[in-house]
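As a plain string of letters, each chain reads:
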Amino acid sequence: MDDELITERRPVAFPQVFGYLRHITGGLARHAALVDCLTEYCRRHELTLGGVFTDSDATVAIHSAAVVGLVDALQLPDIYGAVVPAASHFGPKGIGVERRRQITATSTRLLVVRSFTPARRSETSPGTSAGVRSWGTT
């Protein structure tokens with residue numbers, strides 16, 4: 001992964017993001033590892049992780065408590081966006097698409113730490129780390 005900071009060319013100061021996890025299996029150690037992943041990503045990219053919303057119920061609902069909390073938090077003033085370890089955390093395809101739509105409707109950025117589709121270097125734009133996918137606007 002390219003170490004260029006995503007905030008280098010953006011006029012933002014101390015951009016705050018909120019994390020989202022869908023954690024069903026793996027226990028507390030797995031959850032801690034996922035939170036550490038988000039924390040490290042934010043540290044490397046000069047982002048402030050304001051909190052992490054976690055769904056731990058195996059039942060998948062479009063409007064789960066964690067997703068509603070995340071969307072509400074993204075509507076606060078001066079929030080940069082949301083960060084997830086992988087797009088799969090949003091759940092199955094139909095539900096995941098709707099959850100991403102809800103997040104992008106807040107006019108914040110959606111940052112995905114690990115994309116399952118490797119980006120070729122020629123496809124990444126300047127200032128964007130390889131393997132990091134971003135949805136939404138700034």
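Residues numbered from 1 in each chain as written. Predicted model: local features only at pLDDT ≥ 70, side-chain atom pairs only at ≥ 80, totals over all residues. Heavy atoms only, no water.

Visitor: Any chance you could break down the overall build of the protein chain for me, citing the residues and the numbers?
Guide: Secondary structure assignment for the protein chain yields three helices and five strands. Each helix and strand of the protein chain, ordered N terminal to C terminal, gives the series β-α-β-α-β-α-β-β. Excluding contacts between residues fewer than 6 apart, the proportion of contacts in the protein chain whose partners are at least 24 apart in sequence is 76%. (Helix = DSSP H or I, 4+ residues; strand = E, 2+ residues; numbered from the N terminus. Contact = heavy atoms within 4.5 Å.)

Visitor: Describe in detail the packing of helix 2 (residues 65-74) against helix 3 (residues 93-104), supporting the description with residues and values.
Guide: Between helix 2 and helix 3, whose axes approach to 9 Å, the crossing angle comes to 20 degrees. Compared by their axis directions, helix 2 and helix 3 come out roughly parallel. Crossing of helix 2 over helix 3 shows right-handed handedness. Contacts between helix 2 and helix 3 involve V67, L70, V71 and L74 from the former and R99, Q102 and I103 from the latter. Its residues assigned to classes, the contact of helix 2 with helix 3 shows five nonpolar, one polar and one charged. (Axes fitted to C-alpha atoms, helices over the stretch in contact; angles between N-to-C directions. Parallel < 35°, antiparallel > 145°, perpendicular 65-115°, else oblique. Left-handed = near helix turned anticlockwise from the far one by under 90°. Nonpolar A, V, L, I, M, F, W, Y, C, P; charged D, E, K, R; others polar.)

Visitor: Got a sec to walk through the nonpolar core? Specific residues and values, please.
Guide: Membership of the largest hydrophobic core comes to 15 residues, with the highest contact counts inside it found for Y20, L70, L74, A82, F90 and I103. The set of elements that each furnish at least two residues to this core consists of strand 1 (16-22), helix 2, strand 3 (79-86) and strand 4 (109-114). The dominant element in this core, judged by the number of residues it contributes, is helix 2, at six residues. Other than its neighbours up to four places away in sequence, L74 contacts I79, G81, A82, I103, T106 and T108. Membership of the second largest hydrophobic core comes to 11 residues, among which are L21, Y41, Y80 and V83. (Core = buried A, V, L, I, M, F, W, Y, C linked by side-chain atoms within 4.5 Å. Buried < 20%, exposed > 50% of the residue type's maximum accessible area, 1.4 Å probe, protein only.)

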